[in-house]
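Now for the letters of each chain:
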Amino acid sequence: MKIEEVRENENMNMEGIPASYYLLGLLSAFENRFQAMADKMMGEISWKQFFLIICINMCRENPTIKELAEIVGSSHQNVKQLLLKLEKKNFVRIYMDEVDKRKQRIQLTEYCMEFCAKNDEASGQIMSTMFEGITEEQLKMTIDTIVAIEKNMSTII
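Basis of the calculations
- Residues numbered from 1 in each chain as written.
- Predicted model: local features only at pLDDT ≥ 70, side-chain atom pairs only at ≥ 80, totals over all residues.
- Heavy atoms only, no water.
- Helix = DSSP H or I, 4+ residues; strand = E, 2+ residues; numbered from the N terminus.
- Buried < 20%, exposed > 50% of the residue type's maximum accessible area, 1.4 Å probe, protein only.
- Areas by Shrake-Rupley, 256 points an atom, 1.4 Å probe, with all protein chains shown as cover.
- Lys, Arg positive; Asp, Glu negative; His and termini not counted.
- Charge placed at Lys NZ, Arg CZ, Asp CG, Glu CD.
- pLDDT = per-residue confidence, 0-100.
- 1 Å grid on protein atoms, 1.4 Å probe; cavity = no way out; pocket = protein on both sides within 12 Å on 5 of 7 lines; lining within 4 Å.
- Points joined across faces, edges and corners; volume = space filled by probe spheres on them.
- Nonpolar A, V, L, I, M, F, W, Y, C, P; charged D, E, K, R; others polar.
- Contact = heavy atoms within 4.5 Å.
- Salt bridge = Lys/Arg side-chain N within 4 Å of Asp/Glu carboxyl O.
- Phe/Tyr/Trp six-rings, centres within 6.5 Å; stacked < 30°, edge-to-face > 60°.

Q: Sorry, what's going on with the overall build of the protein chain here?
A: Each helix and strand counted, the protein chain has seven helices and two strands in total. Counting from the amino terminus, helix and strand elements in the protein chain follow one another as α-α-α-α-α-β-β-α-α. The dimensions of the protein chain, computed from C-alpha atoms along their principal axes, are 60 × 40 × 30 Å. Looking at the 157 residues of the protein chain, the share that counts as buried comes to 23%. Carbon and sulfur atoms make up 55% of the accessible area of the protein chain, which totals about 11,900 Å². Between the averaged position of the 19 positive side-chain charges in the protein chain and that of its 24 negative side-chain charges there is a distance of 9 Å.

Set out below in structure tokens:
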């Protein structure tokens, strides 16, 4: 069942559900659907692994595992497990920091860069389709809302 069908389904009583609860459910369902689609599209690696690659690529210098875990909002252990799988597939190299030997840094490999370049056009087409008809104003409002929710959430944990 698609999200718009859920909203219109007579068997589901949406009345009385606070918009905040509905939004969280919608985001969770969206994440699951997006991950399944992205996993299928990526083939060689999972969406979660690819998300790590995107985050590593956005860093000015090769991040530590701890820094990367903070960026993606996951535990050090989960990120390390994903990175070890990526390392086995030759997408990243995990190495000791030259200054602080307790830290491990992550570097994208040439193979990874070639993989990203090869899939760039298909990714762009999917993004264009997903965001078709959505204005910059709508995107900005959505981003602002999620950032505000995350800021509020950080005061809880």
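Q: Teacher, can you tell me more about the confidence of the model for the protein chain here?
A: Caution is warranted with low-pLDDT regions, since their predicted coordinates should not be read in detail. Per-residue confidence for the protein chain averages 89 on the pLDDT scale, and 91% of its residues sit at or above 70. Within the protein chain, helix α5 (residues 76–88) carries the highest mean pLDDT (97), whereas helix α1 (residues 3–8) carries the lowest (55).

Q: How should the layout of surface pockets be read in this particular structure?
A: To locate leftover empty space, one rolls a probe as large as a water molecule over the atoms. Taken as a whole, the second largest pocket encloses approximately 160 Å³ of empty space. Around the second largest pocket sit T64, I65, K66, E67, H76, D100, R102, K103 and Q104, which together line it. Considering each element in turn, the lining of the second largest pocket owes the most residues, three residues, to helix α4 (residues 65–72). Among the residues forming the lining of the second largest pocket, the class breakdown is one nonpolar, three polar and five charged.

Q: Please clarify how the side chain of T109 should be interpreted in this entry.
A: Following the sequence through the fold, T109 ends up in the loop between β2 (104–108) and α6 (110–130). Classification of T109 as buried rests on a relative accessible area of 13%. In this structure T109 touches N90, F91, V92 and R93, once residues within four positions along its chain are discounted.

Q: Just to check I follow, could you spell out the pattern of salt bridges for this structure?
A: Opposite charge on two side chains permits them to pair, given that their charged atoms come into close proximity. Per the stated rule, a full pass over the model turns up four salt bridges. Two residues, D100 and R102, come together in a salt bridge whose shortest N-O distance is 3.0 Å. Exposure remark for D100: the relative accessible area of 17% places this residue in the buried category. Put simply, D144 and K140 hold a salt bridge, and the shortest N to O gap is 3.0 Å. In this pair, D144 and K140 are both assigned in helix α7 (residues 136–154), four residues apart and thus about one turn of the helix distant. Relative accessible area serves as the criterion here: at 52%, K140 is assigned to the exposed category. One connected set of salt bridges, linked through shared partners, spans E67, D97 and R105.

Q: What exactly am I supposed to notice about the packing of aromatic side chains here?
A: Aromatic ring pairs are defined here through the distance separating the ring centres and the angle between the ring planes. On inspection of all chains with the given rule, the structure shows seven aromatic pairs. Here F34 and W47 contribute two aromatic rings whose centre-to-centre distance is 4.9 Å and whose plane-to-plane angle is 90°, an arrangement assigned as edge-to-face. Placement of the pair is F34 in helix α2 (residues 19–42) and W47 in helix α3 (residues 47–58), with a sequence separation of 13 residues.

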